[in-house]
4 protein chains.
Amino acid sequence: MRCENDVSKGLSKVKFIAFDFDGVFTDNRVIVSECGEESVLCSRSDGIGLERLREIGIQFAVLSTETNPVVLARCKKLGVPCYSGLSDKLSCLKIVIEQHGLELSEVAFVGNDINDLPCLRSVGFPVAVADAWDEVRSEARHVLKRAGGFGAVREFCDQLYFLNRRAFALENVQGSYE
Amino acid sequence: MRCENDVSKGLSKVKFIAFDFDGVFTDNRVIVSECGEESVLCSRSDGIGLERLREIGIQFAVLSTETNPVVLARCKKLGVPCYSGLSDKLSCLKIVIEQHGLELSEVAFVGNDINDLPCLRSVGFPVAVADAWDEVRSEARHVLKRAGGFGAVREFCDQLYFLNRRAFALENVQGSYE
Amino acid sequence: MRCENDVSKGLSKVKFIAFDFDGVFTDNRVIVSECGEESVLCSRSDGIGLERLREIGIQFAVLSTETNPVVLARCKKLGVPCYSGLSDKLSCLKIVIEQHGLELSEVAFVGNDINDLPCLRSVGFPVAVADAWDEVRSEARHVLKRAGGFGAVREFCDQLYFLNRRAFALENVQGSYE
Amino acid sequence: MRCENDVSKGLSKVKFIAFDFDGVFTDNRVIVSECGEESVLCSRSDGIGLERLREIGIQFAVLSTETNPVVLARCKKLGVPCYSGLSDKLSCLKIVIEQHGLELSEVAFVGNDINDLPCLRSVGFPVAVADAWDEVRSEARHVLKRAGGFGAVREFCDQLYFLNRRAFALENVQGSYE
């Protein structure tokens, strides 16, 4: 993890966020019922973070290897575009950001486990949740203070929100001198 | 957060409590099933706290932006009047306390996230749970020791209960000298 | 809480255990679904503790004020006699121990909240789980190290098991000198 | 628990892992619904660990005393052979490893509670999760840093994976000098 200044610089270039789902939107646990139905534990606070991203025009999506429909169920509620059941997240990510007319250098990826490494190594701003596995934390440019499912998504959204609001305010101040 | 003395003074004026739901009655997490059904994690201890409030005649209600019926389900069990799916909690709060013939200065609001700020800024006694977001904690007059879903509601009910029982006892002692 | 020696002396007289359910067999939380169905979080370890009690001939039951059938569901799995929906636990406890031909002085009660106080004050050996409310902890003769739902029941069963096994062993040693 | 060196030596001989289920793949808690349906809390991270074991050719199975079908449901998702409802785990283990043409000395058993002791005492490499009961920890040759349901399975799989990958690399280096 680099110094604070480097993190701010990296954050300021982010135009799109790709999130892993399990371990990022959840605490990486799964509730399994007798008949094999799966449920996950998410944080209500993440929804407000995503709303703030919409306010400042930053887009986002979820990319997950998980095949269970619970990923889609949560993303539908939050209004997050969701690509799940992926064997190759990076190929999907490349297609998605091309559709948005963006470069990988403008993308942040938030992950927690080794199946996120190809994406984390390819994007401009790789982010790990607080409780990511060591193999992942060591490759992230920014490690969040909060764990997945306990506000990690919200924390990252807030960081982008406050940075961009400030940037927007500075633009307007400079503009008034023109 | 002000000093202990200030908190007691503020508490003594409270005649009505408005509670946020998620993050106050719950740990702010939501369990999402494959078909998108939501469940929440609450504390059994809160029910006893609300019973104590009834004993001393303090009324209360839940105000939530959440649209999912799980809020109503929990409030029904606890016998708490519930207003959910609110886009504007403050407008609803004003109507509710007018119906009770009270002023905003006589109301405590217990919240945890930024959608509680308009209410917290308007009531006489703004309260935050222990794990409220910083933007909320900084605007609360009283920060509870317990986190939402782990007895925060009970803690606040108990504080009002013991204060009012003592006030009631003092009244009676003074009365006996008349 | 008294000294270790006093606890052992008290433990040695216990012939029957009455357990509160919520906060003792559970972490005092309740999962509430959209339609109001309730679920609770229990520890698998408690079952082995109860089996050990059966081995040394100590009987037990659950007494709960909770009306929801989830209490019965868990007790059925564990094979624990269960009295739930009680408005007055102490009256029920008196009837139950009379049926067993025992005295209140031979009973341990394990509780966590104020609705357990009448029972805790009446039995010979009042026990509180680690995360019991202060009003309850202060009236217990023995406070467990483990919290409800995280092995508190098992911890207490094990204490009785090892004490009684040792007592049984000592009896046999003395017997061999006769 | 022996020294690091001893652990590596023991690990290098492991050709088969037998896992207990509750408290190893789960946090030893069970969610009980009103109608007695059981669910358990597992970690998504364990699946990646088991995939790594497959990569290096180490086989595994789950042995559980639990009769509830939730054990089978989770094992089916993970693709782990599962023997549940066992009154005698050790007898089952002996049959299973004979079918694989292995000796008990080549087996690791990962457990958390006293019903795992007969297996732990019989295998070559007995392992306990971080939150195993003391009676179990004291008999393990290796105690994991992670608790059951929070990546204990993954941690152990990773240890075997990195050791065997290294062994494989060393073999190849030596081979190039021949």
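The paragraphs below set out a description of the structure included in this document. Note that this is a predicted model, so its numbers are computed, not measured.

1. Quick look at the overall build of chain A
Within chain A one finds 7 helices and 8 strands. Over its C-alpha atoms chain A spans a radius of gyration of 16 Å, differing by no more than 12% from the 16 Å that the globule rule assigns to 178 residues. In terms of overall dimensions, chain A has a C-alpha envelope of 65 × 30 × 30 Å along the principal axes. Sequence-distant contacts, at least 24 apart, represent 55% of the contacts inside chain A between residues at least 6 apart.

2. A word on the relation of the copies chain C and chain D
Superposition of chain C onto chain D requires a rotation of 90° combined with a translation of 0.0 Å along the rotation axis, giving an RMSD of 0.0 Å. Taken together, these values place the two copies in the relation of a four-fold axis. Taking the C-alpha atom as reference, chain C places Ile31 of chain C closest to the rotation axis, 6.2 Å from it. Taken as a fraction of all interface residues of chain C, those also at the interface in chain D reach only 6%, which identifies the copy contact as different-surface.

3. Considering the interface of chain D and chain A
Every contact between the two is made by 18 residues of chain D and, on the other side, 14 residues of chain A. Counting residues per element, the ones that place at least two in the side of chain D that touches chain A are β3 (38-43), α2 (45-55) and α3 (70-78) of chain D. In terms of residue class, the side of chain D that touches chain A is made up of 8 nonpolar, 4 polar and 6 charged. The sheet contact formed by strand β2 (residues 26-33) of chain A and β3 of chain D spans 5 bridges and is antiparallel. Bridging across to β3 of chain D, Val30 of chain A finds its partner in Cys42 of chain D.

4. Concerning the relation of the copies chain D and chain A
Under the fitted operation, chain D is carried onto chain A by 0.0 Å of movement along the axis and a turn of 90°, and the coordinates agree to an RMSD of 0.0 Å. Interface residue correspondence from chain D to chain A reaches only 6%, placing this contact among heterologous pairings that use different surfaces.

5. Quick look at unusual backbone geometry
All names here are of chain B. Its identity as a non-glycine residue notwithstanding, Asn28 has a phi of 70°, on the positive side. Note that Asn28 resides in strand β2 (residues 26-33). By the C-beta count within 10 Å, which is 28 here, Asn28 ends up buried.

6. Describing the pairing of strand β7 (residues 125-128) of chain D
All names here are of chain D. Across the two faces of β7 the burial is the same, with Phe125 and Val127 and Pro126 and Ala128 all buried. Sheet topology places strand β6 (residues 107-111) next to β7; 4 bridges connect them, and they run parallel. For Val110, the partnering residue across the bridge sits in β7 and is Val127. In this fold, β6 hands off to helix α5 (residues 117-122), which returns the chain to β7; that crossover is right-handed. Inspection of the sheet shows β7 paired to strand β8 (residues 142-143) by 2 bridges, in the parallel sense. What sits directly across from Val127, in β8, is His142.

7. Here we look at the nonpolar core
Residues Phe19 of chain A, Phe19 of chain B, Phe19 of chain C together with Phe19 of chain D are the most contacted members of the largest nonpolar core, which totals 192 residues. Those residues in contact with Phe19 of chain B that sit more than four places away from it in its chain are Val24, Phe25, Phe60, Val62, Val110 and Val153 of chain B.

8. Regarding the sheet that holds strand β6 (residues 107-111) of chain C
All names here are of chain C. Pairing within the open sheet is parallel, and its 6 strands lie in the order β5-β4-β1-β6-β7-β8. Because the sheet does not close on itself, it has two edges, and the strands there are β5 (82-83) and β8 (142-143). Two strands pair when backbone bridges link them, and strand β1 (residues 16-19) and strand β4 (residues 59-63) are joined in this way by 4 bridges, in the parallel orientation. What sits directly across from Ala18, in β4, is Ala61.

9. Remarks on the environment of Asn5 of chain D
On the secondary structure map, Asn5 of chain D appears in helix α1 (residues 4-12). Residue Asn5 of chain D is classed as exposed on the basis of its C-beta count, with 8 C-beta atoms lying within 10 Å.

10. Structural notes on the arrangement of the chains
Between chain A and chain C there is no contact, and the shortest C-alpha to C-alpha separation is 12 Å. Of all C-alpha pairs spanning chain B and chain D, none lies closer than 12 Å, and the two are not in contact.

11. Quick word on the sheet that holds strand β4 (residues 59-63) of chain A
Residue and element names in this part refer to chain A. The parallel open sheet is built from 6 strands, whose spatial order is β5-β4-β1-β6-β7-β8. In this open sheet, the two edge strands, each paired with only one partner strand, are β5 (82-83) and β8 (142-143). One ladder, built from 2 bridges, connects β4 with β5; its direction is parallel. Across the sheet, the residue bridging to Leu63 is Tyr83, located in β5.

12. Remarks on the interface of chain C and chain D
Contact residues are listed per partner, giving 18 residues for chain C and 14 residues for chain D. When residues of the side of chain C that touches chain D are traced back to their parent elements, those giving at least two are β3 (38-43), α2 (45-55) and α3 (70-78) of chain C. With 6 residues, β3 of chain C is the largest single contributor of residues to the side of chain C that touches chain D. Among the residues forming the side of chain C that touches chain D, the class breakdown is 8 nonpolar, 4 polar and 6 charged.

Definitions and limits used
Residues numbered from 1 in each chain as written. Chains lettered and ligands numbered in written order. Predicted model: local features only at pLDDT ≥ 70, side-chain atom pairs only at ≥ 80, totals over all residues. Helix = DSSP H or I, 4+ residues; strand = E, 2+ residues; numbered from the N terminus. Rg over C-alpha atoms; globule rule 2.2 N^0.38 Å. Contact = placed C-beta atoms within 7 Å. Least-squares fit on C-alpha atoms with pLDDT ≥ 70 in both. Nonpolar A, V, L, I, M, F, W, Y, C, P; charged D, E, K, R; others polar. Pairing = 2+ DSSP bridges. Buried ≥ 20, exposed ≤ 12 C-beta atoms within 10 Å, placed from the backbone. Right-handed = clockwise from strand over helix to strand, strands pointing away. Core = buried A, V, L, I, M, F, W, Y, C linked by C-beta atoms within 7 Å.

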